[in-house]
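Summary of the model geometry
If you want the building blocks of each chain, they are given just below.
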Amino acid sequence: MEQDPWEIMSVVLKCIERVAQDLNKLEIQISDIVSVGITNQRETTIVWDKTTGQPLHNAIGLLLLTIRRFCISLFLFIISYCFFLSLAGYANCINRGKSPR
């Protein structure tokens, strides 16, 4: 998944402006802020040119690729496990959802 880096930057700046306004209403000085953390809860990467400050490409989100790989791995594990159980004589248990005991 790709995203426009400037769109992400715009949303972040709007968020910062809104927080600054809210802090002002609460009579809290911006200079009192020690640190800020930002996350978008995805594996998104943007590479910026050190000299120009311009993005080298759109932001790349790896969430979909990660989930797809996980689902494929899980599917293959389940298929392998069921195949192993059928070889071991537990096929009837799988179909009925009961323990082999």
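Residues numbered from 1 in each chain as written. Predicted model: local features only at pLDDT ≥ 70, side-chain atom pairs only at ≥ 80, totals over all residues. Heavy atoms only, no water.

Side chains of Phe70, Leu74, Phe77, Ile78, Tyr81 and Phe84 sit close together on the surface and give an oily, nonpolar patch of about 660 Å² of accessible area. Relative to the helices and strands, Tyr81 resides in helix α2 (residues 63-87). (Patch = residues over 30% accessible without salt bridge, like charges linked within 9 Å, V, L, I, M, F, W, Y side chains within 5 Å. Areas by Shrake-Rupley, 256 points an atom, 1.4 Å probe, with all protein chains shown as cover. Salt bridge = Lys/Arg side-chain N within 4 Å of Asp/Glu carboxyl O. Helix = DSSP H or I, 4+ residues; strand = E, 2+ residues; numbered from the N terminus.)

This part covers the confidence of the model for the protein chain. On average, residues of the protein chain score 77 in pLDDT, and 76% of them reach the 70 mark or higher. When mean pLDDT is compared element by element in the protein chain, helix α1 (residues 5-25) scores highest at 89, while helix α3 (residues 91-96) scores lowest at 55. (pLDDT = per-residue confidence, 0-100.)

In spatial order, the strands read β1-β3-β2; together these 3 strands make up an open sheet with antiparallel pairing. In this open sheet, the two strands that pair with only one neighbour each are β1 (2-3) and β2 (44-45). Two strands pair when backbone bridges link them, and β1 and strand β3 (residues 59-61) are joined in this way by 2 bridges, in the antiparallel orientation. Bridge assignment links Glu2 to a residue of β3, and that residue is Ile60. (Pairing = 2+ DSSP bridges.)

With that settled, consider the packing of aromatic side chains. Tallied over the entire structure, the rule returns 1 aromatic pair. For the pair Trp6 and Trp48, a centre-to-centre distance of 5.4 Å together with 75° between the ring planes defines the contact as edge-to-face. Here Trp48 lies in the loop between β2 and β3 and Trp6 lies in helix α1, a separation of 42 residues in the sequence. Here Trp6 falls in the partly exposed class, since its relative accessible area comes to 40%. (Phe/Tyr/Trp six-rings, centres within 6.5 Å; stacked < 30°, edge-to-face > 60°. Buried < 20%, exposed > 50% of the residue type's maximum accessible area, 1.4 Å probe, protein only.)

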